[in-house]
Amino acid sequence: VQLQASGGGLVQAGGSLRLSCATSGRTGSRFVTGWFRRPPGKEREFVSGITWSGGSTDYAASVKGRFTVSRDNAKNTVYLQMSSLKPEDTAVYYCAADVSYDEYIVRNSVSYDYWGQGTLVTVSS
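These numbers were taken from a predicted model, which means no experiment stands behind them.

**Student:** Please explain unusual backbone geometry as it appears in this structure.
**Tutor:** The residue Asn76 is not glycine, and still its phi comes out positive at about 55°. Turning to its location among the elements, Asn76 is positioned in the loop between strand 7 (67–72) and strand 8 (77–82). Owing to a relative accessible area of 39%, Asn76 belongs among the partly exposed residues under this scheme. In this structure, Ser84 takes a positive phi of about 45° despite not being glycine. Structurally, Ser84 can be placed in the loop between strand 8 and strand 9 (91–98).

**Student:** Teacher, can you tell me more about the pairing of strand 1 (residues 2–6) here?
**Tutor:** The side chains of a regular strand alternate between both faces of the sheet. Taking every second residue as pointing to the same face, the buried face of strand 1 carries Leu3 and Ala5, while none of Gln2, Gln4 and Ser6 on the other face is buried. Bridge count between strand 1 and strand 3 (residues 17–24): five bridges; the pairing is antiparallel. Among the inter-strand pairings, Gln4 is bridged to a residue of strand 3, identified as Ala22.

**Student:** Help me out: how do you make sense of the pattern of salt bridges in this one?
**Tutor:** When their charged atoms lie close together, side chains carrying opposite charge are able to pair. For the structure shown, the criterion picks out five salt bridges. Put simply, Arg37 and Glu45 hold a salt bridge, and the shortest N to O gap is 2.6 Å. For Arg107, the salt bridge identified is with Asp58, shortest N-O distance 2.7 Å. Of this pair, Arg107 sits in the loop between strand 9 and strand 10 (114–115) while Asp58 is found in strand 6 (residues 57–59), placing the two residues 49 residues apart along the sequence. Among the ionic contacts, a cluster of salt bridges with common partners joins Arg37, Glu45, Arg66 and Asp89.

Conventions we followed
- Residues numbered from 1 in each chain as written.
- Predicted model: local features only at pLDDT ≥ 70, side-chain atom pairs only at ≥ 80, totals over all residues.
- Heavy atoms only, no water.
- Helix = DSSP H or I, 4+ residues; strand = E, 2+ residues; numbered from the N terminus.
- Buried < 20%, exposed > 50% of the residue type's maximum accessible area, 1.4 Å probe, protein only.
- Pairing = 2+ DSSP bridges.
- Salt bridge = Lys/Arg side-chain N within 4 Å of Asp/Glu carboxyl O.

This is how it looks when you write it as structure tokens:
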């Protein structure tokens with residue numbers, strides 16, 4: 001599975017951005033897609049995840065109520081709509097595929113087999 005994240009940029013606090021994760025390869029594979037981020041000088045952390053069907057989602061406490069994950073399997077794309085952005089949301093955001101599961105979201109990055117290249121989100125105060 002190949003993944004490519006896009007949509008990052010510079011935004012003011014309180015603003016919004018939508019990240020996209022385009023997937024390709026392994027036709028017919030069903031997998032959970034996760035979003036992770038690495039803030040400057042910090043460890044990578046789980047942000048959100050969505051099952052293959054889109055019927056189940058999960059969010060880190062720090063983004064719950066502000067971020068919304070969705071997917072369009074017809075377009076092979078997963079989205080992360082980010083609203084009410086804060087300076088502490090500044091990070092490189094990565095999408096990843098967990099091919100071990102299609103309907104169970106794991107927050108541990110170790111479970112994810114394939115990773116996109118990351119897209120930088122900068123939120124100014």
